[in-house]
Protein chains: 4
Amino acid sequence: MQSAKYSMTSKTDEFFRKAEQLIAAGRFIDSKGWVPATSGNFSARLSDGNIAITVSGRHKGRLEPDDIMLIDSRGQSLDGKKPSAETLLHTSIYQRFPQVQAVLHPHSVNATLTARLFQHEIVLEDYELLKALPGIATHETRIVVPIFANDQDIPRLAARVEAYMDAHDDVHGYIIAGHGFYTWGASVDDALRHLEALEFLFDIEIRLHGVTRL
Amino acid sequence: MQSAKYSMTSKTDEFFRKAEQLIAAGRFIDSKGWVPATSGNFSARLSDGNIAITVSGRHKGRLEPDDIMLIDSRGQSLDGKKPSAETLLHTSIYQRFPQVQAVLHPHSVNATLTARLFQHEIVLEDYELLKALPGIATHETRIVVPIFANDQDIPRLAARVEAYMDAHDDVHGYIIAGHGFYTWGASVDDALRHLEALEFLFDIEIRLHGVTRL
Amino acid sequence: MQSAKYSMTSKTDEFFRKAEQLIAAGRFIDSKGWVPATSGNFSARLSDGNIAITVSGRHKGRLEPDDIMLIDSRGQSLDGKKPSAETLLHTSIYQRFPQVQAVLHPHSVNATLTARLFQHEIVLEDYELLKALPGIATHETRIVVPIFANDQDIPRLAARVEAYMDAHDDVHGYIIAGHGFYTWGASVDDALRHLEALEFLFDIEIRLHGVTRL
Amino acid sequence: MQSAKYSMTSKTDEFFRKAEQLIAAGRFIDSKGWVPATSGNFSARLSDGNIAITVSGRHKGRLEPDDIMLIDSRGQSLDGKKPSAETLLHTSIYQRFPQVQAVLHPHSVNATLTARLFQHEIVLEDYELLKALPGIATHETRIVVPIFANDQDIPRLAARVEAYMDAHDDVHGYIIAGHGFYTWGASVDDALRHLEALEFLFDIEIRLHGVTRL
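Bear in mind the structure is a predicted one, so any value in this text is a computation, not a measurement. (Residues numbered from 1 in each chain as written. Chains lettered and ligands numbered in written order. Predicted model: local features only at pLDDT ≥ 70, side-chain atom pairs only at ≥ 80, totals over all residues. Heavy atoms only, no water.)

1. Notes on the overall build of chain A
Our working rule: Strands here are runs of E lasting at least two residues and helices are runs of H or I lasting at least four, both read from the DSSP assignment and numbered beginning at the N terminus. Between two residues, a contact is recorded if the distance between any of their heavy atoms is within 4.5 Å. Here the open area of atoms and residues is found with the Shrake-Rupley method and a 1.4 Å probe, where only the protein chains shown may cover a residue.
For chain A, the helix and strand inventory stands at five helices and eight strands. Order of helices (α) and strands (β) in chain A, N terminus to C terminus: α-β-β-β-α-β-α-β-β-α-β-β-α. Across its three principal axes, chain A shows a C-alpha extent of roughly 60 × 30 × 30 Å. Contacts in chain A between residues far apart in sequence, at least 24 positions, make up 61% of those at least 6 positions apart. Accessible area of chain A: about 8700 Å², with a carbon and sulfur share of 49%.

Have a look at this one:
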């Protein structure tokens, strides 16, 4: 698949190190059931601004080095492989937040249920685990995770996300209805911590929703 | 158990390769709790039209090569072992769909609950994960998974399935009440992707059913 | 702990083989969360009528050979170790059913909830998985799993179980309220298959109970 | 990070043995999903009165020896590392109970839901698994697990816990709302047994709460 025009782009040690981090993150996320079938996608930014990202259509719990590809900051393939259709959602996060070095998109039952039970946003407050998110020092914090309608037109979806981000500070993740959620961080480990924290909080809110509707 | 009349049928490298794929699929499916006790059965078609299929009564999470047997396209044992009582449900899928090379039958809590909560069919729509199924390119799709009454008379059950298939296109799986579900694909990996996607969607629909009945 | 008077009882290869089976069963049962803390106990009968049984107070998911002890058919220690307080519940099963060679007692959330939601018995019918139990050839079967009140007086509890068994055929297991359940089989594997099947069916009935009470 | 003034404090074999026990406990607790993100903290007392405790901000399922640090009985770092902000909650348990040698603080969905569904305390009675707690010999026991409001002012929170402990006997653990729970024991294994038992009982009470509210 790899044509001659890409042969100049050699993959660096940094690329392979980040690829290993994404592979390990995928095994963990899959062990929880948060990337069923071939759903989800993950990426990490390299120091030269290029991005290591999962190839389209691979199972995220059984990734191998060959399943991680290289794109530039605008999402163009640098190695001839085909990146996820949702690459633009990754690159626009990196463009907005210079400190972000990893973006994770799981596709969990909890995120899917959250979008169905809570309409346009879910509010999370009074949880110690909010402190797992950057810049939060007390449970007495209120954060909003927006929920966007799903859209196969990724540029249009990305534009809606961008408009929301322009208007709101302190966004730590967003849900796409019927499609999972996105979160990010200053490293793969940080993004994974945010992912675990949001999953935990969605889980609790869903269970309480059932109870409080009684 | 293996009588002289079967000694001529030598198992090919392809047989053992497919057997390994079924064994690995079984470990994964069992790790999710979708083949409790000795429930479920799995098969893969070989290039000569014969079929590798799980032997009756083995635990699907702890399969060994000896637990996979060889049958012909009509379901007759080629090695003297006893195939699953439900072999006919596998062979009729292979006969109907030339491109299908694997059939998986898990027996999960979610499939069992789906049959109890939704009567004759479950409708799945507006889920990104529908794209894990073949020929689906957008979440704006509506698929129907039929639910058949359980029956110990397998030819009679198979005939009901066949009649439904004759009348409907785009069937990606079916549920047998109190008995799990069947799905299939162009490879063991593809069938496993369909299995994971359907399990995920059944799970969500069951949880929403509880909520919306409130 | 092992006094001189026990030194004559040498443990056979068969003892150690059965001990390994109980250890492996414990790892599996614990991986499902069905023997939390140090709850549960397991045993297997040897060909001479003596019984290998878990020592009191050990974690059943992390058993080592030293955690399996030898008792005679009346429950007397043959190696100076202290068997479970509930040994009598094991020995009376072996006495009643000559074909039974293993007894497993998990302590699961589902068994505990079953006892709270269903009063004196739970009825299981119309499930394919009933065929995992001995002598059942069709889902069109109705079995009753009795629920007994918990009791620290084990001889009194055993007598109540015995009285029930005397009056009923085809008992495949019983629940002790707040305390888990007992099941058994012709081998450790068979007993484990019955355990998985009953857990699965309790799980479904509990979930349906929540729904149908709406 | 480790400054010269700490160089005199050599870590003993006992320290490393206890550290290994905490690391193994962390792996088990994380496998259950009870310490998401970097939540939770664990400690074990050494024979000289110093305490091995998890370093602040590490993932408790992936601890390495370097993630366990040494503090004195008043919570002062003896190796220059930064202990958890909640160290005072550990040291006051050790001060109160001379027989306690380990304190575990998981941060589970069940503990978080318990705090939301049950106001100031949760009552546990009539469960065989209560016998996993020290000094309890029958299921006919009633224990109370108090629930405290969360507070970033740890000395103030510790004082509220202390006041409760002064007024009540037989406290086996306590919940901090939105923040998990604390339990302890005469060894890491004992504390882990108490943790598993309490988790199991919270799980059942939460599920019954849903049902009985119907």
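2. Section: the interface of chain A and chain B
Spelled out, the test is: Reported buried area values correspond to the accessible surface (1.4 Å probe) lost by two parts on association, with both partners' losses combined. Salt bridges are defined as contacts in which a side-chain nitrogen from Lys or Arg sits within 4 Å of a carboxyl oxygen from Asp or Glu. By the criterion applied in these results, polar contacts are pairs of N or O atoms within 3.5 Å in which, for protein atoms, one can donate a hydrogen and the other can accept it, and in which residues neighboring in sequence qualify only through two side-chain atoms. The nonpolar class holds Ala, Val, Leu, Ile, Met, Phe, Trp, Tyr, Cys and Pro. Asp, Glu, Lys and Arg form the charged class, and all remaining residues, Gly among them, are polar.
On the side of chain B, 22 residues touch chain A, which itself brings 26 residues to the contact. The contact between chain A and chain B buries some 1900 Å² in all, and 64% of this surface belongs to carbon and sulfur atoms. Across the chain A-chain B interface, the total number found is zero salt bridges. Between chain A and chain B we count ten residue pairs in polar contact (both at pLDDT 80 or more) in total. Looking at the side of chain A that touches chain B, the elements that each hand over two or more residues are α3 (109-117) and α5 (188-213) of chain A. Per-element accounting of the side of chain A that touches chain B gives the leading share, six residues, to α3(A). The residue makeup of the side of chain A that touches chain B, split by class, is six nonpolar, 14 polar and six charged.

3. Describing the interface of chain A and chain D
Contact residues are listed per partner, giving 22 residues for chain A and 26 residues for chain D. Around 1900 Å² of area is buried between chain A and chain D when both sides are counted, 64% of it from carbon and sulfur atoms. Summed over the shared surface of chain A and chain D, the number is zero salt bridges. At the surface where chain A touches chain D, the tally comes to ten residue pairs in polar contact (both at pLDDT 80 or more).

4. Points about the relation of the copies chain A and chain D
Which entries qualify depends on this criterion: Superposition of the copies used a least-squares fit over C-alpha atoms from residues whose pLDDT is at least 70 in both.
With an RMSD of 0.0 Å, chain A superimposes on chain D once it is rotated by 90° and translated 0.0 Å along the axis. The operation mapping one copy onto its partner corresponds to a four-fold rotation axis. When the interface residues of chain A are mapped onto chain D, a mere 5% of them again lie at the interface, so each copy presents a different face.

5. Examining the nonpolar core
Our working definition: Working definition of a nonpolar core: buried Ala, Val, Leu, Ile, Met, Phe, Trp, Tyr and Cys residues. They are joined through side-chain atoms within 4.5 Å. Exposure classes here rest on a 1.4 Å probe applied to the protein chains alone. A residue is buried below 20% of its type maximum, exposed above 50%, and partly exposed in between.
A:I29, B:I29, C:I29 and D:I29 are the most contacted members of the largest nonpolar core, which has 204 residues in total. In contact with C:I29, other than residues within four places in its own chain, are C:W34, C:V35, C:F42, C:L104, C:P106, C:L192 and C:L195.

6. Overview of the relation of the copies chain A and chain B
Of the transformation placing chain A onto chain B, the axial shift is 0.0 Å and the rotation is 90°, giving an RMSD of 0.0 Å. Little of the interface of chain A is mirrored in chain B, where only 4% of its interface residues again form contacts.

7. Notes on the packing of aromatic side chains
Test applied: For this analysis, a ring pair means two rings from Phe, Tyr or Trp (six-membered ring only for Trp) whose centres lie within 6.5 Å, classed as stacked if their planes differ by under 30 degrees, edge-to-face if by over 60, and tilted for the remaining angles. Definition used: whenever NZ (Lys) or CZ (Arg) falls within 6 Å of the ring centre and also within 35 degrees of the ring normal, the charge is taken to sit over that ring.
According to the stated counting rule, one finds 28 aromatic pairs over all chains in the structure shown. Arranged with centres 5.2 Å apart and planes meeting at 90°, the rings of A:F15 and A:F16 form a pair that is edge-to-face. With a relative accessible area of 42%, A:F16 lands in the partly exposed category. Ring centres of D:F148 and D:Y164 lie 5.7 Å apart, and the angle between their planes is 85°; this geometry places the pair in the edge-to-face category. Of this pair, D:F148 sits in strand β6 (residues 142-148) while D:Y164 sits in helix α4 (residues 154-167), placing them 16 residues apart in sequence. Accessibility classification places D:F148 together with D:Y164 in one group, the buried group. One aromatic cluster is present, formed by A:F97, A:F148, A:Y164, A:Y174, A:Y182 and A:W184 through successive ring pairs. Sitting above the plane of the D:F28 ring, C:R62 keeps its charged end 5.2 Å from the centroid.

8. Some details on the side chain of C:S39
Examined against the element boundaries, C:S39 turns out to sit in the loop between α1 (13-31) and β1 (41-45). A polar contact is formed between the side chain of C:S39 and the backbone oxygen of C:P36, at a distance of 2.6 Å.

9. What about the sheet that holds strand β2 (residues 51-54) of chain A?
Residue and element names in this part refer to chain A. Condition: Pairing between strands is defined by DSSP: at least two bridges between them are needed. Interaxial angles span 0 to 180 degrees and are taken between N-to-C directions of axes, which are lines fitted to C-alpha atoms, for helices over the stretch in contact.
With respect to topology, eight strands assemble into an open sheet ordered β3-β2-β1-β4-β8-β7-β6-β5, the strand pairing being mixed. Two strands bound the open sheet, and with one partner strand each, they are β3 (68-71) and β5 (121-125). Ignoring strand direction, the axes of neighbouring strands in this sheet form an average angle of 20°. By the bridge criterion, three bridges tie strand β7 (residues 173-176) to strand β8 (residues 181-185) in an arrangement that is antiparallel. Bridge pairing links I175 to F181 in β8. With respect to the sheet, helix α1 (residues 13-31) is in contact with β1 (41-45), β2, β3 and β4 (102-105), its orientation differing from that of β1 by roughly 150°.

10. Concerning helix α2 (residues 87-96) of chain A
Extensive coverage of α2(A) is indicated by the burial of seven of its ten residues. For α2(A), the full list of buried residues reads A:T87, A:L89, A:H90, A:T91, A:S92, A:I93 and A:Y94.

11. Re the UniProt feature "binding site: Zn(2+)" (unreviewed entry) in chain A
Under the convention used in this document: UniProt positions are given in the numbering used here, feature names are shortened, and annotations may be inferred rather than shown by experiment.
UniProt records the feature "binding site: Zn(2+)" (unreviewed entry) at A:H105 and A:H107, using the numbering of this structure. Each residue touching A:H105, except ones within four places of it in the same chain, is listed here: A:V35, A:G40, A:N41, A:F42, A:E86, A:H179, A:G180, A:F181 and A:Y182. Relative to the assigned elements, A:H107 resides in the loop between β4 and α3. Not counting chain neighbours up to four residues away, the residues in contact with A:H107 comprise A:W34, A:V35, A:P36, A:S39, A:G40, A:T112, A:G178, A:H179, A:G180, B:E128, B:L129 and B:F200.

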